[in-house]
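Each chain, letter by letter, is given below.
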Amino acid sequence: MNLRELVSALNDFASPALAESWDNVGLLVEPSPPHTVNTLFLTNDLTEEVMEEAVQKKADLVLSYHPPIFAPLKRVTWKTWKERLVVRALENRIGIYSPHTAYDAIPHGVNNWLTKGLGTCTSVPLHPSTAPSSPAEGTHRVEFCADAEHLDAVLSKIKDIPEISCLTTLPARVEGEEQTRVSLNCSQKALLEVVALLSQNSLLYHKTEILLLQKPLLPHTGMGRLCTLSEPLSLSDTVERIKGHLGLPHVRLALGAGRTLESPVKKVALCAGSGSSVLKGTEADLYLTGEMSHHDVLDAVANGISVILCEHSNTERGFLSELRDALTIHLQNKINIIVSEKDRDPLQVA
């Protein structure tokens, strides 16, 4: 596949608009066009060892779940390892694409895969995503009625205000009089100017309606998951299920206040990677994530919530094999997709 065609297909699989605002997703490194992709190489983290593996396996595009370029690069030299990744990628005509939190949000993404370690359960996003785009522009809709005497003057001034869209007028009958109903969409900033203008005329101002435009929530899409198990499990059994799902010999466990290994677990709040900000304040029997700050663990424990930490990328990496199968179908078997064998969490128990 042509690189740009493949990037378009990957964006269709998980829209970059679903990623968090702080994230850096999409095509990060692009060899000079035209660039044909025969082999897509999947990894959780793009380290130098993994890049060498991608070169040896003749990859044309690396899909790195974590973006290897996050902080802006001021230069591209051989001095730092992240700069060297870019140099090696371009020297070997390998593109780099990163989906990161877009894959966290989608219904068939990383967090959904993580829920499978709990057994049969229902789950909902902890922080639902809104539709990336919506037919309505702006943040507010303003509607008011004006008579012929005031209409032209008001419209003339409104059209001079920036960030106003969807301005329409329709005939209306108000209290037996022929008037014109004006409707417009505007930004938060423009709203202040519109209201200030209309407030200069008490007749217009008292006939003004302001509506907040909200983008619709997307079903089963968003950050984190709150899972309700079909049957309660003991905490010890839950730990064993998670270890089995992630293929880990050990996890870190903090018992909630008043809890034991035999305490029942019915509700689990989870977030792949670093989950503190996503899980904080959620009522559950258990928090499951890769890493949390010491003080956030203390807060959870004090509130009777047990915590399982598996190290950051251990809660993500197992998704890659499922992703390979899903992308094979999505891309209609047009390219070879392989998963890195060198990718691994940098932390281990010594």
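Everything numeric here is computed off the predicted structure, so don't read it as measured data. (Residues numbered from 1 in each chain as written. Predicted model: local features only at pLDDT ≥ 70, side-chain atom pairs only at ≥ 80, totals over all residues. Heavy atoms only, no water.)

Some thoughts on the packing of helix α1 (residues 3-13) against helix α12 (residues 319-330)
It is the contact of α1 with α12, at a shortest axis distance of 11 Å, that shows an interaxial angle of 115°. Judged by the sense of rotation from one axis to the other, the crossing of α1 with α12 is right-handed. Counted together, Ala9, Leu10, Asp12 and Phe13 of α1 and Leu323, Ala326, Leu327 and His330 of α12 form the full contact between these two elements. Of the residues contributing to the contact of α1 with α12, the split by class is 6 nonpolar, 1 polar and 1 charged. (Axes fitted to C-alpha atoms, helices over the stretch in contact; angles between N-to-C directions. Helix = DSSP H or I, 4+ residues; strand = E, 2+ residues; numbered from the N terminus. Left-handed = near helix turned anticlockwise from the far one by under 90°. Contact = heavy atoms within 4.5 Å. Nonpolar A, V, L, I, M, F, W, Y, C, P; charged D, E, K, R; others polar.)

As for the side chain of serine 263
Position of serine 263 among the secondary structure elements: in the loop between β13 (252-254) and β14 (264-274). For serine 263, a relative accessible area of 11% gives the class buried. Dropping the residues within four chain positions of it, serine 263 is found in contact with Leu233, Ser234 and Leu235. (Buried < 20%, exposed > 50% of the residue type's maximum accessible area, 1.4 Å probe, protein only.)

Re the pattern of salt bridges
Under the criterion given, the structure shown has 17 salt bridges. Between lysine 280 and aspartate 299 there is a salt bridge, with the nearest N and O atoms lying 3.5 Å from each other. Here lysine 280 is found in the loop between α10 (276-279) and β15 (286-291), whereas its partner aspartate 299 is found in helix α11 (residues 294-302), with 19 residues between them in sequence. Owing to a relative accessible area of 40%, aspartate 299 belongs among the partly exposed residues under this scheme. We note a salt bridge from aspartate 343 to arginine 317, for which the minimum N-O separation is 2.8 Å. A residue pair is termed long-range when its members are at least 10 positions apart, and aspartate 343 in the segment after β17 (336-339) and arginine 317 in the loop between β16 (306-309) and α12 qualify at 26 residues. Here the two residues aspartate 343 and arginine 317 agree in accessibility, since each one is buried. (Salt bridge = Lys/Arg side-chain N within 4 Å of Asp/Glu carboxyl O.)

Notes on helix α9 (residues 235-246)
End to end, α9 covers 17 Å across 12 residues, agreeing with the expected 16 Å (1.5 Å per residue, within 8%). The complete set of buried residues in α9 reads Leu235, Thr238, Val239, Ile242, Lys243 and Leu246. Buried residues in α9, looked at end-on, bunch into an arc of 135°, giving them a common side. On its buried face, α9 sits against α5 (110-115), β12 (225-234), β13, β14, β15 and β16. Positive phi appears at glycine 247, one or two residues downstream of α9, with a value of about 65°. (Expected span 1.5 Å × (residues − 1). Arc of directions from axis to C-beta.)

Some details on the sheet that holds strand β3 (residues 61-64)
Judged by pairing direction, the sheet is mixed, and its 5 strands sit side by side in the order β1-β4-β3-β2-β17 without closing on themselves. Looking at the sheet topology across the chains shown, the edges are occupied by β1 (26-29) and β17. Here the strands of the sheet are splayed against their neighbours by 25° on average, with no regard to which way each runs. Summarising the sheet, β3 and strand β4 (residues 95-98) pair through 3 bridges and their orientation is parallel. Counted as the bridge partner of leucine 61 is glycine 95 from β4. Seen against the sheet, helix α2 (residues 48-56) touches β2 (39-43), β3 and β4 and runs at an angle of roughly 160° to β2. (Pairing = 2+ DSSP bridges.)

Some thoughts on the nonpolar core
One broad trend across soluble globular proteins is that nonpolar side chains are buried collectively. Leu40, Leu63, Tyr103, Tyr287, Leu323, Leu327 and Leu331 are the most contacted members of the largest nonpolar core, which has 63 residues in total. Two domains each provide a minimum of three residues to this core, namely domain 1 (3-103 + 317-339) and domain 2 (106-131 + 220-309). Beyond its immediate stretch of four places on either side in the chain, leucine 323 contacts Phe13, Leu42, Leu63 and Tyr103. With 17 residues, the next largest nonpolar core counts Phe144, Leu184, Ala190 and Leu198 among its residues. (Core = buried A, V, L, I, M, F, W, Y, C linked by side-chain atoms within 4.5 Å. Domains from an automatic or database assignment.)

Structural notes on the environment of histidine 312
For histidine 312, the position within the fold is in the loop between β16 and α12. Given the relative accessible area of 23%, histidine 312 is considered partly exposed. Distance from histidine 312 to serine 263, taken between C-alpha atoms, is 26 Å for residues 49 residues apart in sequence. Among all residues touching histidine 312, those that are not within four sequence positions of it are His66, Gly273, Ser274, Gly290, Glu291 and Asp345.

What about the UniProt feature "binding site: a divalent metal cation" (unreviewed entry) in the protein?
The positions that UniProt labels "binding site: a divalent metal cation" (unreviewed entry) are, in the present scheme, His66, Asp104, His312 and Glu316. A maximum C-alpha distance of 13.4 Å is found for the annotated residues, which run over 251 residues; spatially they form one tight group. None of the other annotated residues line the largest pocket; only His66 and His312 do. Summarising the element assignment, glutamate 316 is placed in the loop between β16 and α12. Residue glutamate 316 is classed as buried on the basis of its relative accessible area of 2%. Residue contacts for glutamate 316: discarding those within four places in its chain leaves Asn44, Tyr65, His66, Val110, Trp113, Ala272 and Gly273. A polar side-chain atom of glutamate 316 sits 3.3 Å from a polar atom in the side chain of histidine 312. (UniProt positions renumbered as here; feature names shortened; annotations may be inferred. 1 Å grid on protein atoms, 1.4 Å probe; cavity = no way out; pocket = protein on both sides within 12 Å on 5 of 7 lines; lining within 4 Å. Polar contact = N/O pair within 3.5 Å; in protein donor to acceptor, adjacent residues only side chain to side chain.)

Regarding the sheet that holds β14
In space, the 6 strands of this open sheet follow the order β5-β12-β14-β15-β16-β13, with mixed pairing throughout. In this open sheet, the two strands that pair with only one neighbour each are β5 (121-124) and β13. On average, adjacent strands in this sheet sit at an angle of 25° to one another, irrespective of strand direction. Inspection of the sheet shows β15 paired to β16 by 4 bridges, in the parallel sense. In the sheet register, threonine 289 faces β16, and the bridge partner there is leucine 309. Seen against the sheet, α9 touches β12, β13, β14, β15 and β16 and runs at an angle of roughly 120° to β12. On the sheet, α11 packs against β13, β15 and β16 and is oriented at approximately 145° with respect to β16.

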